[in-house]
Amino acid sequence: MVRGVARQRLPRTGPASRAPGPAEKPCRKRKPRTEFALKEIMSSGGAEDDIPQAERKTVTDFCYLLDKSKQLFNGLRDLPQYGQKQWQSYFGRTFDVYTKLWKFQQQHRQVLDNRYGLKRWQIGEIASKIGQLYYHYYLRTSETSYLNEAFSFYSAIRQRSYYSQVNKEDRSCQMKLKTTLIVLILKIRWSGTWFFRKWQHLLRLSETGAPLLEQGMIVGQLALADALIIGNCNNQVKFSELTIDMFRMLQALEREPMNLASQMNKPGMQESTEKPARRENPHKYLLYKPTFSQLYTFLAASFKELPANSVLLIYLSATGVFPSGRSDSEGPYDFGGVLTNSNRDIINGDAIHKRNQSYKEMHCLHPGDLYPFTRKPLFIIVDSSNSVAYKNFTNLFGQPLVCLLSPTAYPKALQDQSQRGSLFTLFLNNPLMAFLFVSGLSSMRRGLWEKCQDYLRKINRDIAQLLTHSRSIDQSFLQFFGDEFLRLLLTRFIFCSATMRMHKIFRQETRNYPESYPQLPRDETVENPHLQKHILELASILDVRNVFLENTLDDY
């Protein structure tokens, strides 16, 4: 028996505390469903008159709760994906009904087995819906404790074989398959399980955290509140609507609950008084191949709800769109951008034939498209073959603004690896794994990994010192450096840039280097001799010093 619904941690939205939400659809009347259930009983050898009134009421109440739960659950798909106030109360009502339904079937299992014919797969289906509620609530709030709950439910469904006796013809077998897939993706999310062969490089390993702020570091007090993670890379392996790059950035913007490891070792859904430590994560929207109108809708909603002293992060992993020809002007729409949706030349379902080159790609996100949102602190990451288009940004409103830009090309030896995800995003997600990759290493013993992680923490601390003590750095970097997530991304970006500048195969052309807006002072950050010495020492630990240049400053 699956347990644990009673300890659900969704926000309490009882009748006294709920805010007005979307109107609920009228429920079906109880009588027809109850009559149907009783007719089934009679057809199996029973008689309707022989059923005690109390048991009849039990079946009636169960059918009502089951119908009500299905109506509310189906209504979730009609809720907008943005705007927290528009969906939170509806989620609360749905979870309340499923909590009542779960407790009810536990308390009246014998009657429901005998009079309703309740089967194990039906119990599993209810548990699966509760797991989906947790999972989708996580998607909307980015609170990883809800993801942990979803994993617990799906894991218990599989362990207790709720679908083991389902006939092949039964349509609920589809739910069994869906459950299996969700368990696998959630295992990837938490324990690093390999998902088919193409996802094996997503192995979740112990990561270095952001360097702590030390005494004397003067940084801003901004906090990352919202993030839009946008993906449109056709050649990348993906699961559902999540590409590898999107998955990696999702991980980079989340902390695991403090006691997650201990909870994962417990049997599924055991009653517990322990609550995972609440550690705030930025709210995230995951947008796979959004049209321009969809993207702008989510941007506007996120911008509107952004709290004071908060930051909006936009991550773009998409194909580059280049200018069609030379232009007399050099405005924010003349350098191209990135393609967020691949349905080219289609407006309202009608194909458009370009007769000349004056048309611009409809779903291309140009730097100028983001200008209205620079009225608030904005942190942009662009991983694209035309990321340099965002070097031509203009800070019109004086708010903190930073763009981290990927290389626009990679050495030929690495180009055939793009299906496994971008090297730039890998550096932002797992810098040691990326360092091993560019060094030609595919495996290492655990003790050496931990030694390298320790040394990488030292590198991160020194990068933080370099950045905060720089006399010529743009203040936007320091304004963002107070936030733990943004501090981690900035230090990893500098480590990535410094590594590529020292690597022999990356030295062939400048397109192989990351860039930023505003530009970082090279001699104080990415080309600092102290940092370069650290990178050579890390290479020595791994016995790959020969792939890096020793005296890089002499070559500039």
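The present account deals with the structure reproduced in this document. Residue positions are given per chain, counting from 1 as you read along its sequence in written order. In keeping with the model being predicted, local features are shown solely for residues with a pLDDT of at least 70 and side-chain atom pairs are shown and tallied solely at 80 or more, while totals for entire chains, interfaces and linings include all residues. The side-chain numbers reported here are obtained from all heavy atoms of the structure, hydrogens and water having been left aside.

### Focus: the overall build of the protein
Here a strand is any run of E in DSSP of at least two residues, a helix any run of H or I of at least four, and the numbering for each starts at the N terminus. From N to C terminus, the protein includes 17 helices and 12 strands. Residue burial is assigned from relative accessible area. The probe radius is 1.4 Å, only protein chains are included, and a residue is buried under 20% of its type maximum, exposed over 50%, and partly exposed in between. Residue burial in the protein is summarised as follows: out of 556 residues, 55% are buried. As displayed, the protein has an accessible area near 26700 Å², and 49% of this comes from carbon and sulfur atoms. For the area figures, the Shrake-Rupley method with a 1.4 Å probe applies, and any residue is considered shielded solely by the protein chains shown.

### As for the pattern of salt bridges
In the sections that follow, a salt bridge refers to a side-chain nitrogen of Lys or Arg positioned within 4 Å of a carboxyl oxygen of Asp or Glu. Throughout the structure, instances matching the rule amount to 8 salt bridges. With its nearest N and O atoms 2.5 Å apart, the salt bridge here joins Asp454 to Arg457. Pair noted here: Asp454 and Arg457 are both in helix α14 (residues 446-468), with a separation of 3 residues, about one helical turn. Judged by relative accessible area, which is 46%, Asp454 ranks as partly exposed.

### Description of the nonpolar core
Counting 111 residues, the largest nonpolar core has Leu313, Phe379, Ile381 and Leu423 as its most contacted members. A total of 11 residues in this core trace back to one element, the largest contributor, which is helix α16 (residues 484-502). Setting aside residues no more than four positions away along its own chain, Phe379 makes contact with Val311, Leu312, Leu313, Ile314, Val402, Leu404, Phe480, Leu486, Leu489 and Leu490. Formed by 29 residues, the second largest nonpolar core is a distinct cluster that contains Ala225, Leu299, Val338 and Tyr390. To define a nonpolar core, start from buried Ala, Val, Leu, Ile, Met, Phe, Trp, Tyr and Cys residues and group those joined through side-chain atoms within 4.5 Å. Pairs of residues are marked as contacts when any of their non-hydrogen atoms sit within 4.5 Å.

### A look at the pairing of strand β4 (residues 283-288)
In terms of residue burial, β4 counts as a mostly covered element, since 5 of its 6 residues are buried. We treat two strands as partners when DSSP finds at least two bridges between them. Sheet topology note: the strand β1 (residues 223-232)/β4 ladder contains 6 bridges and is parallel. From the neighbouring strand, Gly231 faces β4, where its bridge partner is Tyr288.

### A short note on the environment of Tyr154
Note that Tyr154 resides in helix α6 (residues 144-159). Take Tyr154: its relative accessible area is 0%, and that puts it in the buried class. As for Tyr154 and Lys129, which are separated by 25 residues in sequence, their C-alpha atoms are 9.8 Å apart.

### Points about the packing of aromatic side chains
For Phe, Tyr and Trp, where Trp contributes only its six-membered ring, two rings pair if their centres lie within 6.5 Å, and the inter-plane angle classes them as stacked under 30 degrees, edge-to-face over 60, or tilted in between. As enumerated under the stated definition, the model contains 21 aromatic pairs in all. Both rings, one in Tyr285 and one in Phe298, keep their centres 5.1 Å apart while their planes meet at 70°; by these two values the pair is edge-to-face. With Tyr285 in strand β4 and Phe298 in helix α10 (residues 292-305), this pair connects stretches of sequence that are 13 residues apart. With respect to class, Tyr285 is no different from Phe298; both count as buried. On the basis of an interplanar angle of 75° and a centroid distance of 5.7 Å, the ring pair of Phe303 and Phe373 is categorised as edge-to-face. Here the residue Phe303 occupies a position in helix α10, and Phe373 occupies one in the loop between β9 (364-365) and β10 (378-383), the gap between them amounting to 70 residues. Taking the relative accessible area as the measure of exposure, Phe373 reaches 6% and is therefore buried.

### Brief notes about the side chain of Ser310
Looking at where Ser310 falls in the secondary structure, it is placed in strand β5 (residues 310-321). Given a relative accessible area of 8%, Ser310 falls into the buried group. Here a polar contact is recorded for every N or O atom pair within 3.5 Å, except that within protein the pair must consist of a potential hydrogen donor and a potential acceptor, and residues adjacent in sequence are included only if both atoms are side-chain atoms. From its side chain, Ser310 meets the backbone oxygen of Pro307 in a polar contact 3.4 Å long. With near-sequence residues (within four places) excluded, Ser310 lies in contact with Leu222, Ala223, Ala225 and Pro377.

### Digging into the environment of Gly421
Considering the arrangement of structural elements, one finds Gly421 in the loop between α11 (412-415) and α12 (423-429). C-alpha of Gly421 to C-alpha of Cys233: the two residues are 188 residues apart in sequence and 9.1 Å apart in space. Once residues lying within four places of it in the same chain are set aside, the contact partners of Gly421 are Gln236, Ile244, Asp245 and Arg248.

### Section: the pairing of β5
Two faces make up the sheet, and in a regular strand the side chains alternate between them. For β5, a buried count of 11 out of 12 residues is recorded, marking the element as mostly surrounded by other parts of the structure. For β5 and β10, the ladder comprises 6 bridges, and the chain directions are parallel. Across the sheet, Leu313 pairs through a bridge with Phe379, a residue of β10. Pairing of β5 with strand β6 (residues 337-339), which is carried by 3 bridges, proceeds in the antiparallel orientation. Paired with Thr319 across the bridge in β6 is Leu339.

### Digging into the packing of helix α2 (residues 53-75) against helix α3 (residues 88-107)
The angle between the axes and the distance between the axes are what describe a pair of packed helices. Their axes nearest at 9 Å, the elements α2 and α3 cross at an angle of 150°. Taken as axis vectors, α2 and α3 run roughly antiparallel relative to one another. Crossing angle aside, the handedness with which α2 passes α3 is left-handed. Every residue of α3 that contacts α2 at Thr58, Asp61, Phe62, Leu65, Leu66, Lys68, Ser69, Lys70, Gln71, Leu72, Phe73 and Gly75 is listed here: Tyr90, Arg93, Thr94, Val97, Tyr98, Lys100, Leu101, Phe104 and Gln105. Classifying every residue of the contact of α2 with α3 gives 10 nonpolar, 6 polar and 5 charged. Each axis is a line fitted through C-alpha atoms, taken for helices only over the stretch in contact, and angles between the N-to-C directions span 0 to 180 degrees. Roughly parallel here means an angle under 35 degrees, roughly antiparallel means over 145, roughly perpendicular means 65 to 115, and every remaining angle is called oblique. Helix crossings fall into two classes, left-handed where the near helix is turned counterclockwise from the far one by less than a right angle and right-handed where it is turned clockwise. When residues are grouped by polarity, Ala, Val, Leu, Ile, Met, Phe, Trp, Tyr, Cys and Pro land in nonpolar, Asp, Glu, Lys and Arg in charged, and all others, Gly among them, in polar.

### Section: α6
The terminal C-alpha atoms of α6 lie 22 Å apart, and with 16 residues this matches the ideal 22 Å at 1.5 Å per residue to within 8%. The element α6 is largely enclosed, with a buried count of 14 among its 16 residues. Two residues or fewer after α6 comes Ser161, characterised by a positive phi angle close to 55°. Multiplying 1.5 Å by the residue count of a helix minus one yields the expected span of that helix.

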